[in-house]
Amino acid sequence: MSSVRAPSRLGGLVLAAIFAFLYVPIAVLVLLSFNASGLPTAWTGFSLKWYGALAGNANILHAAWNTLVVGLAATAISTVLGTLLAIGLETRRRKGTAIEALAFAPMVIPDIVLAVALLTFFSSLDITLGLPTIVVSHVIFDLAFVNAVVRARLKHFDFSIVEASRDLGAGYVTTFRRILLPALAPAIIAGALLAFTLSIDEFIIAFFTAGAGRSSITLPMQIYSMIRFGITPEVNALATLVMGLSATVLMISQWLNKEQAP
Amino acid sequence: MSPPDMKSGLLVTPAVAWLVIFMLAPCLLVLSYAFLERGTWGGVEYTLTLENIARAFDPLYARVFLTSARIAALATLFAVLLAYPAAYAIARAPRRWQPVLLFFAVLPFWSNYLIRTYAWIVLLNREGLVNNLLKALGYRGEPLSMLYSEPAVILGLVYNYLPFVILAIYSALSRLNPELIEASHDLGGGALRTFWRVTLPLSLPGVAAGGVFVFVLSIGNFVTPALLGGGRFQMIGNLVYDQFLAANDWPFGAALGMVLIAIMTALLLVQARLAARAGGDTARPA
Amino acid sequence: MNAHVGKAVSRGAAALFGLVLGIGTASAADLVISNWDGYMPKDIAEKFKAATGLEIEVVNHATNEEIMGKLMASGGKGYDVVFVSSPFAEVLNNQKLLAPLDKAAIPNLANLYPQAAALAYDPGNSFSVPYSWGTTGLCYRSDLISPAPTSWWDLLKPSDAVKGKTTMLATDRWLMAAGLLANGYSVNATDPAQIKTATDTLIAAKKTLLAYDDTTFYSKLVSGEAVLVHAWDGWCNYGITENAAIKFVVPKEGSDVFVDTIVVLKSSEHKDAAMKFLNYILDAKNHAWVAENILYKVPNKPAMESLDKALFEKYPNLAMTPDELLKNELLRDLGPAQKLYSRAVSEIKAAN
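Owing to the predicted nature of the structure, the values given are computational and were not obtained by experimental measurement.

### Digging into the overall build of chain B
So, step 1. For chain B, the count of helices and strands is 12 helices and 2 strands.
So, step 2. Along chain B, helices and strands appear, N-terminal first, in the series α-β-β-α-α-α-α-α-α-α-α-α-α-α.
So, step 3. Seen through its principal axes, chain B has C-alpha atoms that stretch 75 × 70 × 30 Å.
So, step 4. Expressed as a percentage of its 286 residues, the buried residues of chain B come to 50%.
So, step 5. For chain B, contacts bridging at least 24 residues in sequence account for 70% of all contacts bridging at least 6.

### Structural notes on the domain arrangement of chain C
Where interface size is given, it is often the accessible area lost as the parts come together that is meant.
Residues and elements named next belong to chain C.
So, step 1. The domain architecture assigned to chain C consists of domain 1 (31-133 + 258-322) and domain 2 (134-256 + 331-350).
So, step 2. A total of 5 residues in the side of domain 1 that touches domain 2 trace back to one element, the largest contributor, which is helix H4 (residues 86-94).
So, step 3. Of the residues assigned to the side of domain 1 that touches domain 2, the class counts are 10 nonpolar, 7 polar and 4 charged.

### A short note on the interface of chain B and chain A
So, step 1. Counting residues at the interface gives 72 residues for chain B, matched by 77 residues for chain A.
So, step 2. The dominant element in the side of chain B that touches chain A, judged by the number of residues it contributes, is helix H1 (residues 8-33) of chain B, at 16 residues.
So, step 3. Looking at side-chain class alone, the side of chain B that touches chain A contains 57 nonpolar, 10 polar and 5 charged residues.

### Some remarks on H4(C)
Residues and elements named next belong to chain C.
So, step 1. Across the 9 residues that make up H4, a large majority, 8, are buried.
So, step 2. Here H4 has its buried residues at Ser86, Pro87, Phe88, Ala89, Glu90, Val91, Leu92 and Asn93.
So, step 3. In this structure, the buried residues of H4 make contact with helix H3 (64-74), strand S3 (81-85), helix H6 (172-182) and strand S9 (256-264).
So, step 4. Phi for Lys96, located one or two positions after H4, is positive at around 65 degrees.

### Remarks on the confidence of the model for chain C
Reading predicted coordinates in detail is not appropriate for stretches of low pLDDT.
Residue and element names in this part refer to chain C.
So, step 1. For chain C, mean pLDDT is 89; residues scoring 70 or higher make up 92% of the total.
So, step 2. Scored below 50 in pLDDT, residues 12-27 makes 27 contacts in the model with residues more than four places away or belonging to other chains.
So, step 3. Model confidence for the complex is summarised by a pTM of 0.85, with the ipTM given as 0.88.

### Let's talk about the environment of Leu29(A)
So, step 1. With respect to the helices, strands and loops of the structure, Leu29(A) is situated in helix H1 (residues 9-33).
So, step 2. Once residues lying within four places of it in the same chain are set aside, the contact partners of Leu29(A) are Asn236(A), Ala239(A), Thr240(A), Ile115(B), Ala119(B) and Val122(B).

### A closer look at the packing of helix H7 (residues 192-206) of chain C against helix H15 (residues 338-350) of chain C
Residues and elements named next belong to chain C.
So, step 1. The geometry of H7 relative to H15 is characterised by a closest axis approach of 9 Å and an angle of 25 degrees between their N-to-C directions. In terms of orientation, H7 and H15 fall into the roughly parallel class. Here H7 runs over H15; the crossing is right-handed. Of the residues in H15, those touching H7 at Pro192, Ile195, Thr199, Leu202, Ile203 and Lys206 are Leu340, Ala344, Glu347 and Ile348.
So, step 2. Looking at the contact of H7 with H15, its residues break down into 7 nonpolar, 1 polar and 2 charged.

### Side note on the environment of Ala144(A)
Residues and elements named next belong to chain A.
So, step 1. Inspection of the secondary structure assignment puts Ala144 in helix H6 (residues 131-154).
So, step 2. A C-alpha to C-alpha distance of 15 Å links Ala144 and Gly71, two positions 73 residues apart in sequence.
So, step 3. Not counting the four nearest positions on each side in its chain, Ala144 is found in contact with Ala103, Phe104, Pro106 and Met107.

### Points about the pairing of strand S2 (residues 44-48) of chain B
All names here are of chain B.
So, step 1. Burial within S2 is sparse, with just 0 of its 5 residues counted as buried.
So, step 2. Bridge count for strand S1 (residues 36-38) against S2 is 3 bridges, and the pairing is antiparallel. Opposite Glu37, over in S2, you have Glu45 as the bridge partner.
So, step 3. Hairpin connection of S1 to S2: 5 residues between the antiparallel strands, including Gly42 at a positive phi of 95 degrees.

### Considerations on the pairing of strand S4 (residues 129-141) of chain C
Residue and element names in this part refer to chain C.
So, step 1. Within S4, 12 of the 13 residues are buried, leaving the element largely enclosed by the surrounding structure.
So, step 2. With 6 bridges joining them, S4 and S9 adopt antiparallel strand pairing. Bridge pairing links Ser132 to Asp260 in S9.
So, step 3. One ladder, built from 5 bridges, connects S4 with strand S7 (residues 228-232); its direction is antiparallel. Residue pairing for S7: Tyr140 is matched across the bridge by Leu228.
So, step 4. Taken together, the 4 bridges between S4 and strand S8 (residues 246-249) define a ladder with antiparallel strand orientation. Residue pairing across strands places Tyr140 opposite Lys247, the latter belonging to S8.

### Remarks on the nonpolar core
So, step 1. Grouped together as the largest cluster of nonpolar side chains are 299 residues, with contacts concentrated most on Ala83(B), Ala86(B), Ala87(B) and Ile169(B).
So, step 2. Split by domain, this core shows at least three residues from each of two domains, domain 1 (31-133 + 258-322) and domain 2 (134-256 + 331-350) of chain C.
So, step 3. Ignoring anything within four residues of it in the chain, the contact list for Ala87(B) reads Ile166(B), Ile169(B), Tyr170(B) and Leu173(B).

### Focus: the environment of Asp323(C)
Residues and elements named next belong to chain C.
So, step 1. Within the secondary structure, Asp323 sits in helix H14 (residues 322-325).
So, step 2. Residue classification places Asp323 among the exposed residues on the basis of 9 C-beta atoms within 10 Å.
So, step 3. On a C-alpha basis, the gap between Asp323 and Gln115 in space is 8.0 Å, while along the polypeptide they are 208 residues apart.

### Observations regarding unusual backbone geometry
So, step 1. With an omega of 0 degrees, the peptide bond between Ser146(C) and Pro147(C) qualifies as cis.
So, step 2. Inspection of the secondary structure assignment puts Pro147(C) in the loop between S4 and helix H5 (152-156).
So, step 3. One non-glycine residue, Tyr148(B), adopts positive backbone phi at about 60 degrees.
So, step 4. Structurally, Tyr148(B) can be placed in the loop between helix H6 (129-136) and helix H7 (150-174).
So, step 5. We classify Tyr148(B) as buried; it has 26 C-beta atoms within 10 Å.
So, step 6. Unusually for a residue other than glycine, Lys96(C) sits at a positive phi of about 65 degrees.
So, step 7. Mapped onto the fold, Lys96(C) is located in the loop between H4 and S4.
So, step 8. Taking the C-beta count within 10 Å as the criterion, Lys96(C) has 8 such neighbours and is therefore assigned exposed.

### Quick look at the packing of H1(A) against helix H3 (residues 59-92) of chain B
So, step 1. Interhelical geometry of H1(A) versus H3(B) gives an angle of 125 degrees and a closest axis separation of 9 Å. In this view, H1(A) runs oblique relative to H3(B), as classed from their interaxial angle. For the crossing formed where H1(A) meets H3(B), the hand is left-handed. Touching Gly11(A), Val14(A), Leu15(A) and Ile18(A) of H1(A) are Leu82(B), Pro85(B), Ala86(B), Ala89(B) and Arg92(B), all from H3(B).

So, how was this worked out
Residues numbered from 1 in each chain as written. Chains lettered and ligands numbered in written order. Predicted model: local features only at pLDDT ≥ 70, side-chain atom pairs only at ≥ 80, totals over all residues. Helix = DSSP H or I, 4+ residues; strand = E, 2+ residues; numbered from the N terminus. Buried ≥ 20, exposed ≤ 12 C-beta atoms within 10 Å, placed from the backbone. Contact = placed C-beta atoms within 7 Å. Domains from an automatic or database assignment. Nonpolar A, V, L, I, M, F, W, Y, C, P; charged D, E, K, R; others polar. pLDDT = per-residue confidence, 0-100. Axes fitted to C-alpha atoms, helices over the stretch in contact; angles between N-to-C directions. Parallel < 35°, antiparallel > 145°, perpendicular 65-115°, else oblique. Left-handed = near helix turned anticlockwise from the far one by under 90°. Pairing = 2+ DSSP bridges. Core = buried A, V, L, I, M, F, W, Y, C linked by C-beta atoms within 7 Å.

Shown next, in the form of structure tokens:
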């Protein structure tokens, strides 16, 4: 079979070039975060001082905490809503495009449009902006992605088990908890991790729906402001930490998917 | 196997309600703003007007739409041109290596978008790493101005969305029925011919999916032109942003946003139509 | 895969929901203050707490327009004290969003120069306290550009050697001011024909720019990315600190006077604390700190008189007297013409 033969030399070269393109900019940031001078002009020695500066920056720590809170809250809500939506859509007798379109829209609607729509919406209802409004807004696209991930798994799910369970007299809730939930767990977890990653990285919607003050600044907002006010080496250190965290979350999610794959 | 009754209506209700209240209603509200007059410092005055919609089609702003479309199209083109060989190489690598290669191709996608964009400022600015490297290599001319330009914006977009395109094309390639390729070989098709006549056409749905993704996310992008365009290159996203946070002209921002959504809806419909036509017997069911 | 995982998932979800209920706890600070980044001492919160026992929380806005948009959308909710330039303070006051100042609680108002207490947008300081003032002009690398710039046209129609190495401020008032002044008009012009001429000038100038930049122009000068930038006098001083070859000049066509003011929101529930903050800033020593470290002129007589003369030599624009400064034209609220300005700037930014 031709598609599983050893990689050609050309293929190897192509991959090396693409990986260089993808990783050199990231590697530069990581290296600079350990550069004593912090500037890309010269290597002046290994130093952890930019990490020290981060640890002493109350604004960044606060923003990191807010990001975590928003990420967890939005993930929790969207995982529940998105999973129920996926099961509901997959088991519906009547197929309608309206709900399908509604569930798909958050994935493609431009962030900036959703952001300004939410700002107008909240301000016209006189709702005070803050972390809760960011959470509410993040759930919109998070739940769409959870829905997509869970539905992909439901496509291969054998619903006869559910029927058997029902035939044996199990109620909806029991069937849901004992049969459906365990079977879907890997997809639900993968969807939740995806939602979490999207949420902690999201900038523009959070920017528009955040309220006054440090109490609702998230890390991406903080990073954007740091970049706008000049290239400071602290950003490199922060970038390295954030990328490390994201990579870890992704690896866990991959590992789970591998472990649980049917 | 028809799925059993799961009280589906009940299950979808919370999510649907959430989307209707927090997505549909706000979007309709903004849509209605597009037909009102602006307040001087944001907000609206309740006088009906078509001026904002008309203004969105003024040649000046229509050109921003065209510029955005051009930038998005070029980003899509380059992303696909780079992603295809990479995805192809991954798909032809030994099976046990494929997940690892794919993982590392996609990994950057999950790091922060702002940070990935910022990395290019560090590399490209006139006193940045690339210019310093050139100087170290003996280049003695004026430092190159690479940042704050249209190519820089396109580069930023390609860089940010490339992983996703690789993923999309790979998943199409990996679903290809190897027997088709073998059959082509058996019928005397050379490697190039087989690729051109069999592999490429069958992987087009993946190319389309990845391409539409890059295009849609690029045309509405705000961060990349703001950071890599130096404010000189505006795309629709920046125009919308400015109407809300700089010009404080909400109705015009709303009108621009609506035109953007209309363009994207049209695009997605076309893509769905194409996907439906291309689907069917060519790809092996996953 | 078994039921245990399902149980764990539902337990995890329950725990997360608990967390959701816990969020939304408001900031514990007594005062929420929004200011431009780096426009106050970094340790202002500690110092103010030591002096008054009050907690403050400082947040940043990038531009006047950004904070205006947010204040208008929220009716000022969430903020107690805001730093904005004078024409915007004037607008906020016209919109009835500002609290009148309690002068009895701000005895340090007496430190202001008489000219600073009689500024046309708020004579007698009824709703705003001037924090710093200055003018806008050209900030340049004297070692990399010759002859030295003297006119707005040196920025708007740069020589070939300077092309692609200039930046301009991008917010409505200052961008338009450059185009208006170059053509001999007022910085507060409301005549649509004059605004149109200025807009055309600025669109033509756009092609010669490196970038629009309101926040990092001085570091672009220091790095050499730019050699001539449109700058506020005080921020040009940041560049001078790092490279003595950087100089500031007010173009011969004249320029604006901006006053960055501190205002208190009517919706604030901490007005007493806010007045204490204003009084704290106006203290001669604290205000002198601003001039020494932020390098903007402050309208505080004893503060300016206490400064080391060496500072004036290093940063000549700090030595400008109130009368010299006020020869330039004070930026005022434009009223309905503001719409023309924001529209003109949208057009300039959209032009290719």
